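Close look at the chain arrangement
Now for the letters of each chain:
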Amino acid sequence: GGLTGFVLPMTRANRSDFFLYDLAVVEERQREGIGRGLVESLRRLAAKTGIPEIFVFADNEDLHARRFYRALG
């Protein structure tokens with residue numbers, strides 16, 4: 001599995017947020033907690049470096065991704 005994202009400096013606040021661009025786990029290894037682990041690691045790293053927000057976009061048609069991200073909170 002892996003993820004790709006970007007640290008985005010905010011223009012109206014003295015901080016940065018993180019845009020999670022893509023998260024992928026090979027199909028035969030899905031539902032083993034790998035994606036959840038990647039996101040939890042990202043959350044810890046973001047908090048450690050002072051990044052308060054992580055956001056992600058998912059297409060309306062991508063129900064699998066939307067359910068996954070919603071389950072993570």
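Everything that follows concerns the structure shown earlier in this document.
A brief structural summary. Within each chain, residue numbers correspond to sequence positions counted from 1 in written order. Side-chain atom pairs in this predicted model are given and counted only at pLDDT of 80 or more, local residue features only at pLDDT of at least 70, and totals for whole chains, interfaces and linings cover all residues. For the side-chain quantities, the full set of heavy atoms in the structure was used; hydrogens and water were omitted.

With that settled, the discussion passes to the side chain of D17. With respect to the element layout, D17 can be found in strand β2 (residues 16-24). Given a relative accessible area of 7%, D17 falls into the buried group. A distance of 2.9 Å separates the side chain of D17 from the side chain of R15, its partner in a polar contact. When checking whether two residues touch, look at their non-hydrogen atoms; a contact exists if any pair is within 4.5 Å. Ignoring any residue separated from it by four or fewer positions in sequence, one finds D17 in contact with F6, V7, L8, M10, I51, P52, E53 and F55. Numbered from the N terminus, helices here are DSSP runs of H or I no shorter than four residues, and strands are runs of E no shorter than two. The classification of residues rests on relative accessible area computed with a 1.4 Å probe and restricted to protein chains. Under 20% of the type maximum is buried, over 50% is exposed, and intermediate values are partly exposed. For this analysis, a polar contact is any N or O atom pair within 3.5 Å, provided that within protein one partner can donate a hydrogen and the other can accept it, and provided that sequence-adjacent residues contribute only side-chain to side-chain pairs.

So, about the pairing of β2. Here, any two strands with at least 2 DSSP bridges between them count as paired. The pairing of strand β1 (residues 2-9) with β2 spans eight bridges and is antiparallel. Within β2, the residue paired with F6 across the bridge is F19. The turn joining β1 and β2, which pair antiparallel and follow one another in sequence, is formed by six residues. When β2 meets strand β3 (residues 54-56), the two strands line up parallel, connected through three bridges. Among the inter-strand pairings, F19 is bridged to a residue of β3, identified as F55. Whether a crossover is right-handed depends on one test, that the path from the first strand over the helix to the second runs clockwise when the strands point away from the viewer. As a crossover connection, the stretch from β2 through helix α1 (residues 34-48) into β3 is right-handed.

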